[in-house]
Structures are given as C-alpha cells and as structure tokens.
Amino acid sequence: MSSTVSPLRIGVIGCGMISADHLAAWSNCTNAKVVAVCDSSVERGRARAAQFGIERVYESPECMFEQETLDAVDIITPRETHAALVRMAARYGVHALCEKPLCPTYDEALALVQEVGSSIRVMVNENWRYRAYFKKIGEWIDAGTLGTIAQVRIALWRSSMLPRKEDGKIHAFTRQPFLQNEQRVLIAESLIHEIDVVRSLFGEMSLIACCTARACPALKGEDSATLLLRSESGFPVTIDGVMTAAGHDTRSPDRLEIAGTRCSVILENAVLRLIGQEQDMVTYDEAEIRQGCFDASIQHFADCLIDHSPFWTSAQDQLSSLQLMEQAYRSAGDPVALTTEQ
C-alpha cells in the first residue's frame with residue numbers, strides 16, 4: 001500500500017443512487033481526493049465521474065486496484081457484494097470504507113472481520129450516529145443533563161412502500177430496486193441505523209423480543225417491525241418502523257423520545273427539545289443533517305487513516321449491531337436466521 005500522504009487517494013466502487021451523497025462528502029473532505037470510480041455499468045460510472053470531475057472510470061474493481069495507486073476504497077454496492085470487495089481490498093493492501101451493513105448476516109460479517117484481521121483497516125459507513133441532533137443528545141447524556149434514563153423509544157414511520165398517487169410506483173423500489181427481492185428489508189436496510197444509534201447513545205443492548213410483518217404485496221421481506229431491547233443498566237428501549245404508513249412522508253426522519261428523571265428529550269421533524277428541569281430547543285434542517293452525516297463520517301474515516309486513530313464505526317463495532325439484527329430476525333421467526341442458528 002502507498003504511504004499515507006496528504007491527500008489520500010480514494011477509489012469509489014459503486015455509482016448507484018447513494019454514491020452521490022458519498023461523492024459530495026468526498027468533495028468536502030480535507031486531505032483526500034477521489035481519483036477513480038468503478039461501476040458494472042460504464043455509462044453510470046461515467047455519469048458520476050463527470051458530475052464530480054473524476055478523471056478515471058473502471059468497469060472492474062480488480063482492474064481499478066491493478067491500475068491505480070490507492071490508499072483506500074469506498075464500497076457503495078449491494079450488501080451481498082461487500083465481503084468479496086473488502087477481501088479484494090485486503091489482497092491489494094488498500095483500506096476500506098464499506099456501506100452498511102457490512103454483510104447480510106452476522107456470521108458472514110464475523111468471518112470477514114476474522115479473516116481480514118489487521119491486514120487493512122475497515123470502517124463501516126454507519127453514519128446515522130453522526131447526525132448533529134444525535135450528537136447533541138449524546139452531549140446532554142454525557143453531561144448528566146437527563147439524570148437517570150428510564151426509557152427510550154425511537155420510531156421510523158414512512159410511506160415508502162405504498163404506491164404513489166401520481167404514477168402508482170413504489171418509492172422505495174425506484175430508489176433501491178434490489179429491495180423487492182430481498183428476504184430481509186426493513187431491519188437489515190433501515191432499522192440497522194436505529195440499532196446503531198441506540199448503541200452509540202446508551203451502550204450495548206440485549207434483545208428481548210421482535211415482531212415483524214408485511215403489508216406491501218410486492219415485497220418478499222418485512223416492511224414493519226418492532227424490537228424490544230434492554231440496556232446494560234436495565235431500562236427498556238423500543239425501536240419500531242413501518243414503510244406502509246399512509247399520510248407519512250416517504251423519507252420521514254426518526255422520532256425519538258428519552259424519559260429521564262431530570263430532563264427528557266423529544267426529537268420530531270428535526271426539532272430537538274429538552275424538557276424538564278432544563279429547557280432547550282434546537283431546530284435542524286433535515287437535508288443538511290442528511291448530507292452532514294455523510295460529510296462527518298467520511299471526514300472521520302480520512303482523519304483516522306492519517307493519524308492512525310480508531311474508527312468510531314469500525315467493522316468490529318458493527319458486529320454488535322449485526323448480532324442484534326440477527327437475534328431480532330430469529331425472534332420474529334425469520335427462516336434465514338433460524339437456519340443459521342447455532
């Protein structure tokens with residue numbers, strides 16, 4: 001691997017929908033530059049490269065690794081391809097930032113982490129926890145502002161799996177067509193973020209129970225789920241989500257409530273309120289929050305490569321989230337989880 005110098009030389013693998021958020025973040029990142037992109041569709045790769053002023057486009061990841069001198073790659077491809085691409089990066093001695101989830105299952109992720117070991121550094125782009133309002137909540141918790149936390153609930157209610165009035169198309173499928181054929185949808189693709197957020201704010205969790213359901217007939221996997229967790233200190237945490245909630249926006253943000261003995265917290269529609277013995281209210285722009293978490297996560301990745309500090313969202317850290325995901329599917333009777341149960 002080339003020596004870590006400024007700027008870092010970055011290759012991007014995958015030029016689909018979410019790559020625009022990544023590439024915008026790389027454009028804002030200090031001490032790093034995307035020098036090449038790769039996509040199985042050369043046309044799509046060229047379009048992204050032209051959009052962000054990137055000179056070289058590849059169709060094959062291996063060709064990109066062979067031809068380019070890279071410090072790191074950003075893997076923005078479907079979840080089932082992540083392990084092979086991280087292993088390829090390790091063979092070439094190139095560090096990797098990988099979109100969440102690291103792998104489709106906990107067992108696959110564990111095997112990958114053990115195999116790669118310390119040959120390269122791997123960070124997961126689990127960027128929800130980098131959102132400014134969650135970081136503000138973390139500051140309140142660390143300062144003791146809430147007192148003793150008694151209960152937490154976080155909800156993600158959207159209409160993204162309902163046909164749109166204007167054209168009858170399902171919004172989630174227009175953004176991520178692969179979801180239609182996935183056996184694991186809401187928890188694996190969306191609520192994995194909320195699992196990570198509660199872990200980052202309140203520490204490690206244990207799963208008590210999970211229930212899932214499906215209301216969208218075009219879907220194979222689940223489009224609603226409720227998880228009941230318990231924190232290490234004993235208070236309950238509820239995570240629930242639904243993608244077929246009429247009247248809700250297709251991209252509605254989280255609603256979070258924290259009950260504390262000194263102060264409580266309510267986050268709704270990007271308005272964060274502290275109530276109780278202290279009062280505070282902060283209003284955020286959700287569009288800025290969304291891009292901001294990509295910017296913060298990717299800047300963190302670059303900074304940690306340069307100064308050799310630990311990743312906040314390392315591959316090892318994500319194993320705990322994936323383990324809770326696996327336990328949730330098993331509790332809900334998911335056949336994939338049941339067949340892998342030890």
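See the structure printed just above.
Remember, predicted model here, so these are calculated numbers, not experimental data.

Enquirer: Could you give an account of the pairing of strand β14 (residues 280–283), with specific residues and numbers?
Expert: Sheet topology places strand β13 (residues 271–276) next to β14; 4 bridges connect them, and they run antiparallel. Across the sheet, the residue bridging to leucine 274 is aspartate 280, located in β14. In this antiparallel pair of consecutive strands, β13 and β14, the connection spans 3 residues.

Enquirer: Before we move on, can you summarise the pattern of salt bridges with the specific residues and values?
Expert: One side chain can pair with another of opposite charge once the charged atoms of both are near each other. Following the criterion strictly, the structure yields 23 salt bridges and no others. Measuring nitrogen to oxygen at the nearest pair gives 3.2 Å for the salt bridge that ties arginine 56 to glutamate 55. A relative accessible area of 29% places arginine 56 in the partly exposed class. The salt bridge partner of glutamate 257 is arginine 153, with a shortest N-O separation of 2.6 Å. Remark: arginine 153 occurs in strand β7 (residues 149–157) and glutamate 257 occurs in strand β11 (residues 255–260); sequence separation between them is 104 residues. The class for arginine 153 is partly exposed, based on a relative accessible area of 47%.

Enquirer: Explain the packing of aromatic side chains to me, using residue names and the numbers behind them.
Expert: Summed over the entire model, instances satisfying the criterion amount to 7 aromatic pairs. With a centroid separation of 5.0 Å and 80 degrees between ring planes, the pair formed by tyrosine 130 and tryptophan 312 is classed as edge-to-face. Placement of tyrosine 130 in the loop between β6 (122–125) and α6 (132–142) and of tryptophan 312 in the loop between α9 (286–307) and α10 (315–331) is noted, with a sequence separation of 182 residues between them. Pairing phenylalanine 301 with phenylalanine 311 gives two aromatic rings, centres 5.5 Å apart and planes at 25 degrees, and the pair type is stacked.

Enquirer: Outline the state of the cysteines, supporting the account with residue identities and numerical values.
Expert: Counted under the stated rule, the structure contains 0 disulfides. Cysteine cysteine 38 remains unbridged, with the sulfur of cysteine 15 as its closest cysteine sulfur at 7.5 Å. On the basis of relative accessibility, which here comes to 2%, the residue cysteine 38 falls in the buried class. You can see cysteine 293 has no disulfide; the closest cysteine sulfur is in cysteine 29, sitting 15 Å from it.

Criteria and thresholds
Residues numbered from 1 in each chain as written. Predicted model: local features only at pLDDT ≥ 70, side-chain atom pairs only at ≥ 80, totals over all residues. Heavy atoms only, no water. Pairing = 2+ DSSP bridges. Helix = DSSP H or I, 4+ residues; strand = E, 2+ residues; numbered from the N terminus. Salt bridge = Lys/Arg side-chain N within 4 Å of Asp/Glu carboxyl O. Buried < 20%, exposed > 50% of the residue type's maximum accessible area, 1.4 Å probe, protein only. Phe/Tyr/Trp six-rings, centres within 6.5 Å; stacked < 30°, edge-to-face > 60°. Disulfide = S-S within 2.5 Å.

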